[in-house]
Amino acid sequence: MTELPTTLEEAIEQSKVALQAAIADGYRRVQVELVFPEIQLKAQAIAKEYIALFEQYGAGLKVFFPDVGAAALAKRDWGQIPFKVSDLGSSRSPVENRIEATDELFLLVDASSVEIAQVEKLCQMADDRPVILIIPRLEDATTIGIGYAGRQLRERFLSTLQSCYYIRPLTGAALFRCYPSPWQVWLEKDDNYELIAQQPEKPLGDALEQILLKATAGEENQDSSQSPTTVKRSGVFGELKRFLRALSQ
């Protein structure tokens, strides 16, 4: 069983293993989701952590950023690189103009729901070539909607994306997934995190709330020191934030 990471560095290493396993198993639209408010500020530095996994592709690797500014900044900071860096384009210069026959693998960094049309088009044009989304933010209901159009988008496109790695802090808990393990819900107890649920599908909304309510309602009758699924993870999210700050130094 993969346990919660104690630092962002550990989370990235876990996600690399999960990412490689998902691709080896044939998944071609894969997400690495580190759901922390501060994470987008370090998107470029975090993306670079994954580049080495695909260095064998050379010029066949293409890294996409949401806009021209972010792409230009990466080119400047990364210097001489064997792969290509681009942006997702716009209505006047669509993303399909940026896809070449020589491209073998696409890495998308920090794509949000604002760029979802370009991301969907890229995935369509990629065909069987892997598309890897690093710290995406595609499911913002205020942008894609919660009605019929939003439901169609989720069924048509978002449901085709495989979350190989996901970690999100909740109030006193965490939602976690490291492929090929199932989705996990961990509950904070003192300085520990206890695994309280595992599910094949991502628990959302009422389903997640029911898991947490059931666990907190019964915790007075449990001796957490005897639980084999309780692990020492003191200050896990504080450590992650400290690592985020270290990336900017």
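For the structure, check the block above.
Residues numbered from 1 in each chain as written. Predicted model: local features only at pLDDT ≥ 70, side-chain atom pairs only at ≥ 80, totals over all residues. Heavy atoms only, no water.

Asks: Just give me the short version of the overall build of the protein, but keep the residues and values in it.
Replies: Summing up its helical and strand segments, the protein has eight helices and 10 strands in all. Split into buried and exposed, the 249 residues of the protein put 48% on the buried side. Counting contacts in the protein only where the partners sit at least 6 residues apart, residues at least 24 apart contribute 64% of the total. Here the protein displays about 12,600 Å² of accessible surface, and carbon together with sulfur accounts for 48% of that area. (Helix = DSSP H or I, 4+ residues; strand = E, 2+ residues; numbered from the N terminus. Buried < 20%, exposed > 50% of the residue type's maximum accessible area, 1.4 Å probe, protein only. Contact = heavy atoms within 4.5 Å. Areas by Shrake-Rupley, 256 points an atom, 1.4 Å probe, with all protein chains shown as cover.)

Asks: Tell me about the pairing of strand 1 (residues 29–34), and please be specific about residues and values.
Replies: Summarising burial for strand 1: five of the six residues are buried, a large majority. Strand direction decides the pairing type here: strand 1 and strand 5 (residues 131–134), joined by four bridges, are parallel. Each residue of the ladder has a partner; that of Q31, found in strand 5, is L133. (Pairing = 2+ DSSP bridges.)

Asks: Which residues make up the pairing of strand 5, and what values go with them?
Replies: Along strand 5, one buried face is formed by V131 and L133 and the opposite face, lined by I132 and I134, is buried too. Pairing of strand 4 (residues 105–109) with strand 5 involves four bridges; the strand directions are parallel. Bridging from a neighbouring strand, V109 pairs with I134 of strand 5. Read as a crossover between parallel neighbours, the route from strand 4 over helix 4 (residues 116–126) to strand 5 is right-handed. (Right-handed = clockwise from strand over helix to strand, strands pointing away.)

Asks: A description of the packing of helix 1 (residues 8–24) against helix 2 (residues 43–51) should follow, citing residues and the corresponding values.
Replies: It is the contact of helix 1 with helix 2, at a shortest axis distance of 10 Å, that shows an interaxial angle of 45 degrees. As judged from the angle between their axes, helix 1 and helix 2 are oblique. Of the two elements, helix 1 crosses helix 2, and the hand of that crossing is right-handed. Here L8, I12, S15, K16 and L19 of helix 1 lie close against helix 2, whose contacting residues are I46, E49 and Y50. Here the contact of helix 1 with helix 2 is built from residues that sort into five nonpolar, one polar and two charged. (Axes fitted to C-alpha atoms, helices over the stretch in contact; angles between N-to-C directions. Parallel < 35°, antiparallel > 145°, perpendicular 65-115°, else oblique. Left-handed = near helix turned anticlockwise from the far one by under 90°. Nonpolar A, V, L, I, M, F, W, Y, C, P; charged D, E, K, R; others polar.)

Asks: I'd like a rundown of the pattern of salt bridges, residues and numbers included.
Replies: Summed over all chains, the structure comprises 10 salt bridges. Among the salt bridges present, the one from E13 reaches K16, with a minimum N-O distance of 3.2 Å. With a gap of three residues between them, E13 and K16 both fall in helix 1, about one helical turn apart. Residue classification places E13 among the partly exposed positions, given a relative accessible area of 40%. For K16, a relative accessible area of 14% puts it in the buried group. E120 serves as the salt-bridge partner of R156, at 2.6 Å between the closest nitrogen and oxygen. In this pair, R156 sits in helix 6 (residues 148–156) while E120 sits in helix 4, placing the two residues 36 residues apart along the sequence. (Salt bridge = Lys/Arg side-chain N within 4 Å of Asp/Glu carboxyl O.)

Asks: Provide a residue-level description of the nonpolar core, including the pertinent values.
Replies: L19, L34, Y50, F54, V63, C164 and Y165 are the most contacted members of the largest nonpolar core, which totals 44 residues. By residue number, the principal contributor to this core is helix 1, which donates seven residues. Apart from the residues within four sequence positions on either side, L34 is in contact with L8, A11, I12, I39, I46, Y50, I135, Y165 and I167. (Core = buried A, V, L, I, M, F, W, Y, C linked by side-chain atoms within 4.5 Å.)

Asks: Can you explain the packing of aromatic side chains? Please cite residues and give values.
Replies: A full pass over the atoms with the stated rule returns seven aromatic pairs. Their ring planes at 80 degrees and their centres at 5.7 Å tell us that Y27 and Y179 sit as a pair that is edge-to-face. One end of the pair, Y27, is in the loop between helix 1 and strand 1; the other, Y179, is in the loop between strand 7 (173–178) and strand 8 (183–189), with 152 residues separating them in the sequence. Overall, Y27 belongs to the partly exposed group, its relative accessible area being 32%. (Phe/Tyr/Trp six-rings, centres within 6.5 Å; stacked < 30°, edge-to-face > 60°.)

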